[in-house]
Amino acid sequence: MDTTLTTVGKSQLPRIGIGTFGSDTYGAENVSDAVALALRAGYRLFDCASVYGNEDRIGQVFAEAIGEGVCRREDMFVISKVWNDMHGEGQVLRSIEKSLSDLGLGYVDAYFLHWPFPNYHAPGCGGDERNPDSVPFSTGRFMAAWRQIEEATDRGLARYAGMSNMTIPKLEAVLPLCRVRPALIEMELHPAFQQPGLFDYCVARGIQPVGFCPIGSPARPTRDRAPGDIVDTEMPEIVKIAEAHGIHPALVCLKWSAQRGALPIPFSVKEPQIIANLASVYEDPLTDEEMRAIGAADRDCRLVKGQVFLWEGARGWEDLWDLDGTIAGSAL
Ligand SMILES: NC(=O)c1ccc[n+]([C@@H]2O[C@H](COP(=O)([O-])OP(=O)(O)OC[C@H]3O[C@@H](n4cnc5c(N)ncnc54)[C@H](OP(=O)(O)O)[C@@H]3O)[C@@H](O)[C@H]2O)c1
């Protein structure tokens with residue numbers, strides 16, 4: 001079984017990883033238990049972040065697995081991310097050092113800027129909460145944080161650099177300024193929200209898309225739920241294909257994502273789901289016709305709208321995503 005798909009730099013990445021955000025529902029221990037199950041099931045890519053509040057427990061799980069010979073460090077691909085309240089001078093480097101200490105690692109494989117704004121919301125906050133200190137995107141502020149990620153790669157603290165929650169206009173603004181370009185970009189990707197423009201933009205530039213919420217995040221926090229949100233696993237196109245393969249619709253979402261080349265990072269605490277999710281991308285592939293049917297089923301339904309990061313004067317969550325092709329509230 002070929003267990004690799006993508007070449008990033010000199011690295012071969014698995015076709016799938018496991019997420020570690022408990023969605024404000026699963027505590028740190030639930031998540032680290034899931035990572036332990038995933039390691040033993042054969043997962044080697046782990047999508048971590050300081051804001052998930054569980055890197056110290058995940059670090060214990062990594063140490064145990066490596067110590068017991070379950071896997072070697074060099075066979076793992078560990079992602080971590082700097083949270084929005086740590087973009088200031090020196091803070092990004094302090095944040096990666098803290099994540100490395102918590103994860104018990106000498107380096108992460110990729111270090112991401114989690115959001116392109118320094119706008120903070122408290123863990124577990126409600127959807128209507130706003131931080132009065134929030135500011136619109138600024139190329140200068142972004143690059144000041146990115147320079148520290150570049151330094152982290154220079155110092156060997158991270159092998160690759162990554163961005164997350166970006167748009168094409170923002171990438172157009174920052175990519176020409178990057179000394180170290182992002183090797184990976186994390187974005188929301190599932191059948192009801194395929195982001196073909198951003199996806200193709202990244203692929204065309206040799207940047208690996210990493211797809212978050214690949215199953216449509218059925219357990220997502222209340223702040224990320226809105227009337228009219230599509231449930232991917234109930235989409236008729238997905239259900240029909242699931243029935244044809246005799247599998248859960250969630251697995252159709254993952255097969256489609258991996259076959260598209262998106263590197264999905266589904267989360268689950270349930271062992272049968274953890275095992276089935278991994279196997280799904282290595283067996284019983286979707287046909288070209290099924291891939292086309294899902295490709296045509298896009299509903300442009302963003303789930304993580306991010307409204308808690310809005311600044312005073314912003315019109316609505318759409319301003320975070322540059323829908324008209326210009327950066328809303330942009331400042332140099
Ligand atoms: N960069 C970012 O800003 C960002 C944002 C969001 C997420 N992420 C990352 O992406 C990861 C995944 O996102 P997510 O957890 O929100 O969404 P997701 O992976 O689409 O959905 C996870 C949920 O799907 C259900 N599930 C998983 N496998 C299943 C299966 N085989 N059959 C049926 N149901 C299944 C589980 O629900 P139950 O719990 O009800 O079983 C699980 O909680 C996160 O953990 C995080 O690492 C990154």
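First, a word on what this report is: a plain description of the structure on this page. (Residues numbered from 1 in each chain as written. Predicted model: local features only at pLDDT ≥ 70, side-chain atom pairs only at ≥ 80, totals over all residues.)

### Looking at the overall build of the chain
Scanning the chain from terminus to terminus reveals ten helices and nine strands. Radius of gyration (C-alpha) of the chain: 19 Å, near the 20 Å computed for a compact globule of 332 residues. Along the three orthogonal principal directions, the C-alpha set of the chain runs to about 50 × 45 × 35 Å. Within the chain, buried positions represent 45% of all 332 residues. Pairs at least 24 apart in sequence give 75% of the contacts found in the chain among residues at least 6 apart. (Helix = DSSP H or I, 4+ residues; strand = E, 2+ residues; numbered from the N terminus. Rg over C-alpha atoms; globule rule 2.2 N^0.38 Å. Buried ≥ 20, exposed ≤ 12 C-beta atoms within 10 Å, placed from the backbone. Contact = placed C-beta atoms within 7 Å.)

### Thoughts on helix H2 (residues 55-67)
The terminal C-alpha atoms of H2, which comprises 13 residues, lie 18 Å apart, in line with the 18 Å expected from a rise of 1.5 Å per residue. Buried residues of H2: Glu 55, Arg 57, Ile 58, Gly 59, Val 61 and Phe 62, and no others. The inward-facing, buried residues of H2 abut helix H1 (28-41), strand S5 (77-82) and helix H3 (91-103). Downstream of H2 by one or two residues, Gly 69 has phi in the positive range, about 80°. (Expected span 1.5 Å × (residues − 1).)

### What about the environment of Gly 106?
Turning to its location among the elements, Gly 106 is positioned in the loop between H3 and strand S6 (108-113). In this structure Gly 106 comes out as exposed when scored by C-beta crowding, with 9 C-beta atoms within 10 Å. Sequence-wise, Gly 106 and Arg 73 are 33 residues apart; in three dimensions their C-alpha atoms are separated by 10.0 Å.

### Thoughts on the pairing of strand S9 (residues 208-212)
Counting buried residues along S9, five of its five residues qualify, which places the element largely inside the surrounding structure. Residues Gln 208, Val 210 and Phe 212 line one face of S9 and the alternating positions Pro 209 and Gly 211 line the opposite face, and both faces are buried. Where strand S8 (residues 184-188) and S9 come together, five bridges link them in parallel fashion. Across the sheet, residue Glu 188 finds its bridge partner in S9, namely Phe 212. Taken together, S8, helix H6 (residues 196-204) and S9 form a β-α-β motif whose crossover is right-handed. (Pairing = 2+ DSSP bridges. Right-handed = clockwise from strand over helix to strand, strands pointing away.)

### Let's talk about the site of the ligand
Close contacts around the ligand come from 30 residues, with Gly 19, Phe 212, Ile 215, Ser 217 and Phe 267 the closest. Of all the secondary structure elements, the ones that give two or more residues to the shell around the ligand are helix H8 (249-260) and helix H9 (271-280). When its residues are assigned to classes, the shell around the ligand shows 14 nonpolar, twelve polar and four charged. (Near = placed C-beta within 6 Å. Nonpolar A, V, L, I, M, F, W, Y, C, P; charged D, E, K, R; others polar.)

### As for H3
Residues lying three or four places apart along an α-helix face the same way, a consequence of the helix completing one turn every 3.6 residues. Taking 1.5 Å of rise per residue, the 13 residues of H3 would be expected to cover 18 Å, and the 18 Å separating its terminal C-alpha atoms lies within 8% of that figure. Those residues of H3 that fall on the buried side of the exposure criterion are Val 92, Ser 95, Ile 96, Ser 99, Leu 100 and Leu 103. Buried residues of H3, viewed axially, fall in a sector of 135°; they line one side. Buried residues belonging to H3 abut H2, S5, S6, helix H4 (139-154) and strand S7 (158-164). (Arc of directions from axis to C-beta.)

### Thoughts on the environment of Ala 36
By the element assignment, Ala 36 lies in helix H1. Taking the number of C-beta atoms within 10 Å as the measure of exposure, Ala 36 has 18 and is therefore partly exposed. Residues Ala 36 and His 121, 85 residues apart in the sequence, show an inter-C-alpha distance of 29 Å.

### A short note on unusual backbone geometry
Located in the positive-phi region is Cys 213, a residue other than glycine, with phi close to 55°. As for its position among the elements, Cys 213 is in the loop between S9 and helix H7 (236-245). Exposure remark for Cys 213: the 27 C-beta atoms within 10 Å place this residue in the buried category. For Ser 217, which is not glycine, the phi torsion reads 45° and is therefore positive. Relative to the helices and strands, Ser 217 is located in the loop between S9 and H7.

### Quick notes on the environment of Asp 232
Inspection of the secondary structure assignment puts Asp 232 in the loop between S9 and H7. The buried category is assigned to Asp 232, around which 28 C-beta atoms lie within 10 Å. Linking Asp 232 and Ala 250, residues 18 residues apart in sequence, is a C-alpha distance of 8.0 Å. Sequence-distant contacts of Asp 232, defined by excluding residues within four places in its chain, comprise His 190, Pro 191, Ala 192, Ile 215, Gly 216, Ile 238 and Cys 253.

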